[in-house]
Every structure is written in C-alpha cells, then in structure tokens.
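The residues making up each chain are set out below.
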Amino acid sequence: MLPWPIIPPSPPLPLVPLVSFIFVFVLVYNLIRKSHHHSSPNKLGLPPGSMGWPYLGETLKLFTENPNSFFSNREKRYGKIFKTHILGCPCVMVSSPELAKIVLVTRSHMFKPTYPPSKEKMIGPEAVFFHQGPYHSHLKKIIQSSFLPSKIKGSVSHIEDIVLGLLSTWKHNDTINTLHEMKKYAFEVAMLSVFGNKLEEDREGIKSLYQCLEKGYNSMPLNLPGTPFYKAMKARKALDDKLRRMIEKRKESGENGEGLLGAFLSNEEGKMQITESQVADNIIGVIFAAHDTTASVLTWLLKYLHDHPYFLDAVKVIQETLRAASILSFTYREVVEDVEMEGYLIPKGWKVLPLFRSIHYSSDFFPLPHKFDPSRFEVAPRPSTYMPFGNGAHSCPGSEFAKLEMLILIHHLTTTLRWEVIGEDGIQYGPFPIPRDGLPIKVYPVKK
C-alpha cells in the first residue's frame, strides 16, 4: 500500500493573492500588537524579549524543550524580566525572588490570579485560583478547613489503605510505569480528600471524564470538533452534570457528608453562600491541583531515590525533590492596571509569570543546583527562594496534605520494596517535565 493516496494534478494556487493575504495578516497582527503594547501614555517601554510566532507565540518551545534551558537562555539574553507569548497570552516572566515577592505578596492586589483562557474554561471560572477579595478568602477558608491537622490525621489510615492496595498490585507485574501508577495513587487520594471515604457515585466514571478533561488543559482554545479543547469541554460538561447530581443527592439525604464537598455544603447560614456551579468549579479545581502535579513529583522522587539510594532514610528528600523537580515552573497573574516594574511598563491585561523553576535552579540560592542534595535543607533557605507551593495569599492550601500523601507512600514503599529503573535515561515534556517514558521500573521485595 502506498503511504500517500495518488491525487491527480490540479491547477497551481494563485501565488499573488496567497502572498498578499499572508502579508496583510502579518501586518495587521503587528499593528494590533504594537497598539496594545503602546496604549498607555507612559513613555516606559516593555521588557525585552521575543513574542514568537503570531498566535502561537513561544508555546511550543516552552512545552517541548527543557524548561531550564527555555528560561535560562532568555535570562542570559534579556535579564531577570522579559516578555514572551504563551497559550495566546502576552506575558512577562520574572525570575528573581524580589520580583516574585512583589507579584505574589507585597503588591499582589495589582496582579490578579489567572490562567490561560483554555485552562480557565476547563477548570471553571468560579474556582478559587481565579479570584481575589472576599470570595477568594471565603473559599480558601473552607478549603483549608478540610486540611487542618485534625482532618489530615483522620485521613492517614485511609491513605495507607490506598498505598497498600497499590503496592500489592506491583508484586504481580514484571514492569511498572511509575507515572501511570502515581497518577492512580494521586487520583484516589484526591477523591478521598474531595468526597471522603464513601463515594456515592461511580469512581471510575469520574476518573474517565477527568482523564479526558486533563488532556486538553494545555491545548489552544480552538472549540472545533476533534480538537483536544473541544473534547475536554465536552467531558467538562458531563463531569459538571455528575457533580451536580452528587450535590443534589447529599442535600436530599440531609447529610453533608465528608471531604471537601461536605465542607462546602456545610457552609454556615448568614455567611457568603456558594452556588452548586461554584462548588463544582472548585471541586474540579482541587482535583486538578492535586492530581498531575503530585503524580509527577512522586515519579521524580522514585527516580532520585533510585539514583541516590543512600538518601532513602532522609525525610528532607521530599523538600529536595520538590525543588529539583519544580513541577510548577511558574504561576500566572494578570496585571489589573498598567504597572511599572524594574523600569519597564507592563500593560493592563498582560500576564506576569514568577518563574519558580528559575529561582529554584539559581546557584545564588542553591549551590550546584543540578545536583540532587537533600542536605541543603538542613539550613532553611532564604525567604522567597523556595516556593514549590507558591507564596502569599494564593499559596496552595493543601500543601501539608500533599506532603503527607508523599511521606506515607515513601514510607511503605521504602520499607517493603526496592526498584530498578529500566530503559533509557532522559526527560520528556508535555507540559510537566517527567522521566522518559514515565520511568519504567522493576520492583523487588526488601530482603530481611
């Protein structure tokens, strides 16, 4: 069979109209971009940098190459503050602790939380990530109430059951794909934290819909049949419908139930009321925050422990993994009005991205940053130089729960099993950096 179908020759395309169209398109794009850049009477200019291709910007480069190289190459060329264009958004990236603190803490009112439009639509516009002020504060208090020490303590035995069930399946397989297994684990723990130990609906149904949704998280917002964004939004609607039915069932039973959903439904009378739509957006948002990131960190944790077995008993290995993996390379903020930074003007509506990864890999704060060395955390790092869970009012409210989730898994894993990485070494990106092929391993019982 021929690799391509034979197509009869057709008249050549009219070259002049095609070239004219491309010329006009690029001209109009540049005029729009320049007018947007210089809309303010302020004479300050934008930071240096490259906006990449029309519409695509530098998105493909960011998500297909080593993020350390992407950021460091631009830092060397432009400095600690530079412009780019990611997922349809004009952005300014900042890579110093001082600038990150300005954006996230000291002048956070000037930089509202945001995500690219595609991801915001898929998670839900009412999720806690995208808001400031009283609504954000109220939501965060409810979420934090689910992760208080007393609530976390009650989850330990249930998380252990999930771990032991997972590890028992490993013993019957020759090869384990670490990333896939960590995703299973992280999803089950996320379900536990959101719905409690008793889940009324089909767990696999929720999982299937969420997996379809997450495939579109970093896609361009093209809502056309067949595109990842279109498929994700279809799954998003089905997931929303399922969550609403669960909410209605709990209300009809007169019992709010456990987990974060129970905390939302227990919202006291007289305080800010939360609609079912807002609850659904925040449930999906918490699953998003707890799933891929935790699974990726745990995959790197097994990789680092395999490469450095003498660190098996060091609790600080968790902290060093969070630094070295830097799964969240940056976070998004949106400028609420024109703002000056480091002698440059950042226009209203632009995104500002503090680069956690660049700070975590700066030799100024972490000597020999590419070396995996948990001992560096025997002394507390300088303020605003270690931010695996963000910083300021919008830092991750479930950070302690995530650490507990990692520690329980590592405790049972390291006391019962050893593992050997098989296949080629390397890293792949899409969008989080993960060991090549999801880190395939072989496991062996610990000899006693």
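Everything numeric in this text was worked out from a predicted model, so none of it was measured.

In this section: the overall build of the chain. Helix and strand content of the chain: 16 helices and 12 strands. Per-residue burial over the chain gives 50% buried out of 448 residues. Pairs at least 24 residues apart make up 70% of the contacts formed inside the chain by residues separated by at least 6 positions. Of the roughly 22,600 Å² of accessible surface on the chain, a fraction of 58% belongs to carbon and sulfur atoms.

For the chain, the average pLDDT comes to 83, and 87% of its residues sit at 70 or higher. Contacts of residues 1-42 to residues separated by more than four positions or lying in other chains number 17 contacts, the stretch itself having pLDDT below 50.

Now for the pattern of salt bridges. This model, assessed by the stated rule, comprises 18 salt bridges. Two residues, K184 and E181, come together in a salt bridge whose shortest N-O distance is 3.0 Å. One end of the pair, K184, and the other, E181, are both in helix α8 (residues 178-195), three residues apart, so they sit about a helical turn from each other. Here K184 falls in the partly exposed class, since its relative accessible area comes to 39%. Linking R244 and D240 is a salt bridge whose minimum nitrogen-to-oxygen distance equals 2.8 Å. Remark: D240 and R244 occur in helix α10 (residues 228-253); sequence separation between them is four residues, near one turn of the helix. Several salt bridges share partner residues, and in doing so they unite R236, D240, R244 and D281 into one network.

A separate point is the pairing of strand β8 (residues 351-354). Of the two faces of β8, the one carrying K351 and L353 and the one carrying V352 and P354 are both buried. Sheet topology note: the strand β2 (residues 89-94)/β8 ladder contains four bridges and is parallel. If you follow V94 over to β8, its bridge partner there is P354. Examined bridge by bridge, strand β5 (residues 333-335) and β8 share two bridges and lie antiparallel to one another. In the strand pairing of β8, R333 is matched with V352.

Parameters and conventions
- Residues numbered from 1 in each chain as written.
- Predicted model: local features only at pLDDT ≥ 70, side-chain atom pairs only at ≥ 80, totals over all residues.
- Heavy atoms only, no water.
- Helix = DSSP H or I, 4+ residues; strand = E, 2+ residues; numbered from the N terminus.
- Buried < 20%, exposed > 50% of the residue type's maximum accessible area, 1.4 Å probe, protein only.
- Contact = heavy atoms within 4.5 Å.
- Areas by Shrake-Rupley, 256 points an atom, 1.4 Å probe, with all protein chains shown as cover.
- pLDDT = per-residue confidence, 0-100.
- Salt bridge = Lys/Arg side-chain N within 4 Å of Asp/Glu carboxyl O.
- Pairing = 2+ DSSP bridges.

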